[in-house]
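Now for the letters of each chain:
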Amino acid sequence: MAGKGNTRPLTDARIAVFCSGNGSNFEALVRKNRRSAFPGCIVLMVVDNPRAYAIERARRLGIPVLYVDPSPYENKQAYEKVLYEELRVWKIELILLAGFMRILSPFFVRKYKNRILNIHPSLLPSFKGASAIRDAFEYGVKVTGVTVHIVNEGVDEGPIVLQRALKISEDDNLDSLEARIHRLEHRIYAEAVNIVLSRSWKIVKGRKFVLCD
Ligand code: GAR
């Protein structure tokens, strides 16, 4: 899966999931991986926050946790260099961001070009950023959704692998909408990972994720 897309299906990929908080997507991904919803194997969880509930989920699921404390490093790149070296030791080939609330710099994104996916709780390019569900709800849109995209050097703007829409009903409040979005995320992230790992695809004009098989 180098360069513009994947030149061969990467069915034996070693996968790391990056989290900062609750980790519900991480848990859904691990459970689906164990039921063979997508190939490859989740072998590691990376956290930047030692209080993340995701750590408890990883412990219960028997997935090793790598915590690299960002605070001692003088800048983002110094931190990411250490992270990258650790990932090399683990032979990680695909990274799944799942509520990882740290923006990766171009240095790191280039090291894993086209090998980092992110899930975002809106129909991108609408409602980028860290509070997308609330922003969409407060804006009053009637349709929102979930996006899985390849991470590029921009923020929440890489090529889109999969999107699913969800209607906001008159009965929804922020809590109910959040719960519905999360249920949808737990379904489609695994679907998107399956596409990325088992299909042939390319990125057209740096923008469009296109299947070739
Ligand atoms: C998810 O809704 C994910 O889409 C969102 O954080 C939540 C993490 O939940 N990510 C972003 O907003 C990224 N911009 P989880 O920790 O329970 O998986």
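The sections below set out a description of the structure shown in this document. Since the model is a prediction, treat every value here as computed from it, not as a measurement.

Comments concerning the packing of helix α1 (residues 24–34) against helix α2 (residues 53–61)
Next up, step 1: At a minimum axis distance of 9 Å, the contact between α1 and α2 shows a crossing angle of 20 degrees. Compared by their axis directions, α1 and α2 come out roughly parallel. As for the relative orientation of α1 and α2, their crossing is right-handed in sense. Mapping the contact onto sequence places Ser24, Phe26, Glu27, Val30, Arg31 and Arg34 in α1 and Ala54, Arg57, Ala58, Arg60 and Leu61 in α2.
Next up, step 2: Here the residues of the contact of α1 with α2 are counted per class, giving five nonpolar, one polar and five charged.

Examining the pattern of salt bridges
Next up, step 1: Applying the stated criterion across every chain yields a total of twelve salt bridges.
Next up, step 2: Across the pair arginine 164 and glutamate 191 runs a salt bridge, and its minimum N-O distance is 3.0 Å. Remark: glutamate 191 occurs in helix α6 (residues 174–198) and arginine 164 occurs in strand β8 (residues 160–167); sequence separation between them is 27 residues.
Next up, step 3: The partly exposed category is assigned to glutamate 191, whose relative accessible area is 34%.
Next up, step 4: Between aspartate 172 and arginine 180 there is a salt bridge, and its shortest N-O distance comes to 2.5 Å.
Next up, step 5: Assessed through its relative accessible area of 11%, aspartate 172 is described here as buried.
Next up, step 6: Members of the salt-bridge network, linked through shared partners, are Glu27, Arg31 and Arg57.

Conventions and cut-offs
- Throughout this document, residue positions are counted from 1 along each chain, in the order its sequence is written.
- Residue-level local features of this predicted model are given only where pLDDT is at least 70; pairs of side-chain atoms are given and counted only at 80 or more, and the full residue set underlies all totals for whole chains, interfaces and linings.
- Hydrogens and waters are ignored; side-chain quantities use all the structure's heavy atoms.
- Every axis corresponds to a line fitted to the C-alpha atoms, with the helix fit spanning only the stretch in contact, and the corresponding angles, defined between N-to-C directions, vary from 0 to 180 degrees.
- In this text, helices come from DSSP runs of H or I with a minimum length of four residues, and strands from runs of E with a minimum of two, each type numbered from the N-terminal end.
- Roughly parallel means an angle under 35 degrees; roughly antiparallel means over 145; roughly perpendicular covers 65 to 115; every other angle is labelled oblique.
- Here is the rule for handedness: rotate from the far helix to the near one, and if that takes an anticlockwise turn smaller than a right angle the crossing is left-handed, while a clockwise turn gives right-handed.
- Contacts were defined at the residue level, with two residues in contact if any of their heavy atoms lie within 4.5 Å.
- Under the grouping applied here, Gly and all other residues not named as nonpolar or charged are polar, the nonpolar ones being Ala, Val, Leu, Ile, Met, Phe, Trp, Tyr, Cys and Pro and the charged ones Asp, Glu, Lys and Arg.
- What counts as a salt bridge is simple: a side-chain nitrogen of Lys or Arg found within 4 Å of a carboxyl oxygen of Asp or Glu.
- Burial status follows relative accessibility: with a 1.4 Å probe on protein chains alone, a residue under 20% of its type maximum counts as buried, one over 50% as exposed, and anything between as partly exposed.

As far as function goes, none of this settles anything; it's purely spatial.
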